Amino acid sequence: MEHFHRRKGALYAQSYACSQLAEEFGTPLFVYSREALETAWQKFEDALENHPHLICYAVKANSNLAVLDVLARLGSGFDIVSGGELKRVLAAGGLPEKIVFSGVGKTATEITEALEVGIRCFNVESEAELDRIANIASALGVVAPISLRINPDVDAQTHPYISTGLKENKFGINMTDAIEVYKRAAQMPSIEVQGMDCHIGSQLTKIEPYKDAVERLIGLIERLKTEGIEITHLDVGGGQGICYEDETPLDIAQWAECVTDAIGERKLEILVEPGRFIAGPAGIMLTRVEYLKSNEDKHFAVVDAAMNDLIRPALYSAWQAIEPVEPSTVAEKVYDVVGPVCESADFLGKERKLAIEQGDLLAVMSTGAYGFVMSSNYNTRPRAAEVMVSGDEAYVVRERENVEDLFADESLLP
Ligand code: LLP
């Protein structure tokens, strides 16, 4: 059974009617399916089972403690990009020795905290960062495990804002500089060279960019070997794409085969950092139609969720499926589904054929990744509640914010 499915036309999250969830917990509401998270994670586990590997869920995709808890219980590792995410993972029971730390701007405090708890590896993005990590590790009297994030200069064939593996992007170290930086790193007493890392972009639905990137990295690993530098793990990043509209999701078994084929007999543990593939399809956002309005050209459905709740459509022109929660007999019309925020970019979907009336519930599908985590309080809108459905139970895993809390830390002038 699909985790989100229909019974007699009505949308269910596992055994819960979505209308009941909206009734109980209000809207806008993010609903996650525990079983969907587990199933997606397991796909990576199954595909890589014959090869040493570590799945490091990319926390940024959805960092709710309950989501991290579900994955930690499966034995997942985590890919973090801030000291905040480090604290979340530890609070959710994630193991430090399964954490990799990515990101171009790690602060001295963040590096210190990560060294103190003993994370698995730093994915180093520049020579300056390498120096900083080496100095802090040396002052703490520890050795820092590192990978260099290589920018393989491949086109991930995705939206430019979420493409990260081209020379023009800010991420990683160029192929041409990599050998020299590795040589320097290998000389540093407080650094242990462990791995090689890349992440070429997000929402990738084709295998070829991965193949290109991995082959380039393997070439580099071979060259390092001749310099006496042994790489023991290859972190291939995340980016595995899902279906939002009509895309074919990346086939994880095929993807794994492509990576393991490229590695061949080499003794390289595979690390992978999927975010969207695990969390995206595991979540939906419920919203209620506040008003229907029309002008000469258009029909609008004004709903109670806005760009502050789900910014992907406004930010990337991302297409997210929008479905009525309950079946209806009213005539279908073509609507722009818009929020109450005072921006023309505040839409969830444009030109959607929907049979709806005022007061109806809509579900925005595949919002488990980069949904709530990118939400804001713009227009002094409290952020939505989050609910996790697990078996026959539904748990509030984040309470809806109160308006008063939003300005509780502000003050009037004396
Ligand atoms: N590893 C690194 C180093 C990353 O930068 C990212 C995502 C991931 C892993 C996970 O990528 P995923 O498997 O989720 O594609 N907000 C955008 C996506 C930004 C992705 C940023 N980096 C969106 O809503 O489409």
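Owing to the predicted nature of the structure, the values given are computational and were not obtained by experimental measurement.

(A) Quick look at the site of the ligand. Taken together, 19 residues surround the ligand, and among them S202, E273, R312, Y316 and Y370 come closest. The side chain of E273 places a nitrogen or oxygen atom 2.6 Å from a nitrogen atom of the ligand. One of the backbone nitrogen or oxygen atoms of G275 is found 2.9 Å away from an oxygen atom of the ligand. Protein coverage of the free-state accessible area of the ligand, which is 580 Å², stands at 92%. Across the shell around the ligand, the residue classes tally to 6 nonpolar, 7 polar and 6 charged. Each of two domains, domain 1 (4-32 + 280-406) and domain 2 (34-276), supplies a minimum of three residues to the shell around the ligand.

(B) Main features of the packing of helix 7 (residues 175-187) against helix 8 (residues 208-226). At a minimum axis separation of 11 Å, helix 7 and helix 8 run at an interaxial angle of 35 degrees. For the element pair helix 7 and helix 8, the recorded crossing hand is right-handed. Counting all contacts with helix 7, which are made through M175, A178, I179 and Y182, the residues of helix 8 involved are R216, L220, R223 and L224. Partitioned by chemical class, the residues of the contact of helix 7 with helix 8 number 6 nonpolar, no polar and 2 charged.

(C) A look at the state of the cysteines. A complete count under the given rule lists 0 disulfides for this structure. No disulfide involves C56; its nearest neighbouring cysteine sulfur is the one of C121, lying 9.3 Å away.

(D) Structural detail: the pattern of salt bridges. This structure, assessed with the given rule, holds 21 salt bridges. E323 is the partner of R6 in a salt bridge, and the nearest nitrogen-oxygen pair spans 2.9 Å. With R6 in strand 1 (residues 4-7) and E323 in strand 16 (residues 322-324), the pair connects residues that are 317 residues apart, well separated along the chain. Residue class for R6 comes out partly exposed when judged on its relative accessible area of 36%. E127 is paired through a salt bridge with R184; the nearest N and O atoms lie 2.8 Å apart. Linking E127 in helix 6 (residues 127-140) with R184 in helix 7, this pair joins segments that are 57 residues apart in sequence. What makes E127 partly exposed here is its relative accessible area of 34%. Judged by its relative accessible area of 35%, R184 falls in the partly exposed class. Residues joined by salt bridges that share partners form a network here, namely E127, D131 and R184.

Calculation notes
Residues numbered from 1 in each chain as written. Predicted model: local features only at pLDDT ≥ 70, side-chain atom pairs only at ≥ 80, totals over all residues. Heavy atoms only, no water. Near = heavy atom within 4 Å. Polar contact = N/O pair within 3.5 Å; in protein donor to acceptor, adjacent residues only side chain to side chain. Areas by Shrake-Rupley, 256 points an atom, 1.4 Å probe, with all protein chains shown as cover. Nonpolar A, V, L, I, M, F, W, Y, C, P; charged D, E, K, R; others polar. Domains from an automatic or database assignment. Axes fitted to C-alpha atoms, helices over the stretch in contact; angles between N-to-C directions. Helix = DSSP H or I, 4+ residues; strand = E, 2+ residues; numbered from the N terminus. Left-handed = near helix turned anticlockwise from the far one by under 90°. Contact = heavy atoms within 4.5 Å. Disulfide = S-S within 2.5 Å. Salt bridge = Lys/Arg side-chain N within 4 Å of Asp/Glu carboxyl O. Buried < 20%, exposed > 50% of the residue type's maximum accessible area, 1.4 Å probe, protein only.

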